[in-house]
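Here is how the chains run, residue by residue.
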Amino acid sequence: MTARIERVVTEGVVDVDGVEHKVENNTWIVGDDEEVIVIDPARDAEAILEKVGEREVLAVVCTHGLPDHVGAAIEVAARDEAVVALHPKDRPLWRLTWSETWPDIEMEDEGLFGVADIQLEVLSTPGVSQGGISLYSEALDAVFTGKTLQADGPGRIGGEYPALADQLTAIGGRLFTLPHRTRVLPAHGEESTIGDLEPQFDAWLSGSLTRGTVEEKEGPLTDGTRAAGIRINLNDE
């Protein structure tokens, strides 16, 4: 059976100084009619497992350890005794959500996950977090970029770029070497393609991302962690 990609959008409300903000997260499901891998299980395990249905969950893969993206990881994995995978450098972030358990697999660059008739290759893409990764499927012409790259450009945390130089190096050296037709499937917001985003890279390198103040648009936040007030130090181990 041919593998396919499905999306589940989950919502949450966070309070910042007495003001409630709605946040939306993407969870991606990759597989066929028999088995799947779940990527970035955010918040609502019931909604994610409803989409999975009777199919077997082989693995839960977290592109990073930020709380609003791993909140359903344990419950989703537990149903079918699936493994949970995270890069070891994001273990401190994982502990913000799960204080009494660790992921089963410590991902490394160029690792592979198999599901249905395809493979997902681990690409190390740090920046927003030390252990940020992306998952590339040549067969599906798709890359799951977590918070590293979104349709509106490099992802942020707390409205800021914790390690922009590292993030741009990862985007230029790992993501923008992929075919232009490759779908970019992020942790927040709508999808794009490598071909749509790559022409903006020179402007990002020239400082366009950090000039002035980014104006927030009305509606659900694409930077889910800004409202959650999460701050991290990328030099922490």
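All of these numbers come straight from a predicted model, not from anything done at the bench.

Of the regular secondary structure elements, the protein holds eight helices and 14 strands. When the 237 residues of the protein are sorted by exposure, 50% land in the buried category. Nonlocal contacts in the protein, meaning residues at least 24 apart in sequence, comprise 57% of its contacts between residues at least 6 apart.

Residues in a regular strand point their side chains to alternate faces of the sheet. Bridge analysis of strand β4 (residues 56-61) against strand β5 (residues 83-86) gives three bridges, and the strand direction is parallel. Directly across from valine 60, in β5, lies its bridge partner valine 84. With two bridges connecting them, β5 and strand β6 (residues 105-106) associate as parallel partners. If you follow leucine 86 over to β6, its bridge partner there is glutamate 106.

The mixed open sheet is built from six strands, whose spatial order is β7-β8-β9-β10-β13-β14. If you trace the sheet from one side to the other, it starts and ends with β7 (112-115) and β14 (192-193), each paired once. As paired strands, strand β13 (residues 183-186) and β14 are joined by two bridges and run antiparallel to one another. When the bridges of β14 are listed, valine 184 appears paired with serine 192. Packed on one face of the sheet, helix α5 (residues 164-175) meets β8 (118-124), β9 (133-137) and β10 (142-146) and runs near 145 degrees to β8.

Close inspection of predicted coordinates is inappropriate for parts of the model with low pLDDT. Across the protein, pLDDT averages 89, with 85% of residues at or above 70. The low-confidence segment residues 213-219 (pLDDT under 50) makes four contacts with residues lying over four places distant or belonging to another chain. Segment residues 224-237: pLDDT under 50, and 42 contacts once partners within four positions in sequence are set aside and those in other chains are kept.

This brings us to the pattern of salt bridges. Applying the stated rule across the entire model yields nine salt bridges. A salt bridge links glutamate 191 to arginine 183, with the nearest nitrogen and oxygen atoms 2.8 Å apart. Taken together, the shared-partner salt bridges connect Arg4, Glu6, Asp33 and Arg55 into one network.

Positioned with a positive phi, arginine 43 is a non-glycine residue whose angle comes to about 65 degrees. Checked against the element boundaries, arginine 43 lands in the loop between β3 (35-39) and α1 (45-52). Overall, arginine 43 belongs to the partly exposed group, its relative accessible area being 28%. The backbone phi angle of glutamate 110 is positive, close to 75 degrees, even though this residue is not glycine. Using a relative accessible area of 54% as the deciding quantity, one classes glutamate 110 as exposed.

With the rule as written, the count across this model stands at one cavity of 30 Å³ or more. Taken as a whole, the largest cavity holds about 40 Å³ of empty space. As for the largest cavity, its lining consists of Thr63, His64, Thr125, Gly127, Val128, Ser129, Gly132, Ile133, Lys147 and Thr148. In the lining of the largest cavity, the residues fall into two nonpolar, seven polar and one charged.

Right, let's talk about the pairing of β10 for a bit. Counting buried positions along β10 gives five out of five residues, so the element sits mostly inside the fold. Of the two faces of β10, the one carrying Ala142, Phe144 and Gly146 and the one carrying Val143 and Thr145 are both buried. Pairing between β9 and β10: three bridges, direction antiparallel. Its bridge partner lying in β10, tyrosine 136 is registered against valine 143.

Position of serine 192 among the secondary structure elements: in strand β14. You can call serine 192 buried: its relative accessible area is 10%. Beyond its immediate stretch of four places on either side in the chain, serine 192 contacts Ala151, Thr182, Arg183, Val184 and Leu197.

Now for the side chain of threonine 10. Take threonine 10: it is sitting in strand β1 (residues 4-16). We classify threonine 10 as buried; its relative accessible area is 3%. Here alanine 42 takes part through its backbone oxygen, which lies 3.1 Å from a polar atom of the side chain of threonine 10.

Calculation notes
- Residues numbered from 1 in each chain as written.
- Predicted model: local features only at pLDDT ≥ 70, side-chain atom pairs only at ≥ 80, totals over all residues.
- Heavy atoms only, no water.
- Helix = DSSP H or I, 4+ residues; strand = E, 2+ residues; numbered from the N terminus.
- Buried < 20%, exposed > 50% of the residue type's maximum accessible area, 1.4 Å probe, protein only.
- Contact = heavy atoms within 4.5 Å.
- Pairing = 2+ DSSP bridges.
- Axes fitted to C-alpha atoms, helices over the stretch in contact; angles between N-to-C directions.
- pLDDT = per-residue confidence, 0-100.
- Salt bridge = Lys/Arg side-chain N within 4 Å of Asp/Glu carboxyl O.
- 1 Å grid on protein atoms, 1.4 Å probe; cavity = no way out; pocket = protein on both sides within 12 Å on 5 of 7 lines; lining within 4 Å.
- Points joined across faces, edges and corners; volume = space filled by probe spheres on them.
- Nonpolar A, V, L, I, M, F, W, Y, C, P; charged D, E, K, R; others polar.
- Polar contact = N/O pair within 3.5 Å; in protein donor to acceptor, adjacent residues only side chain to side chain.

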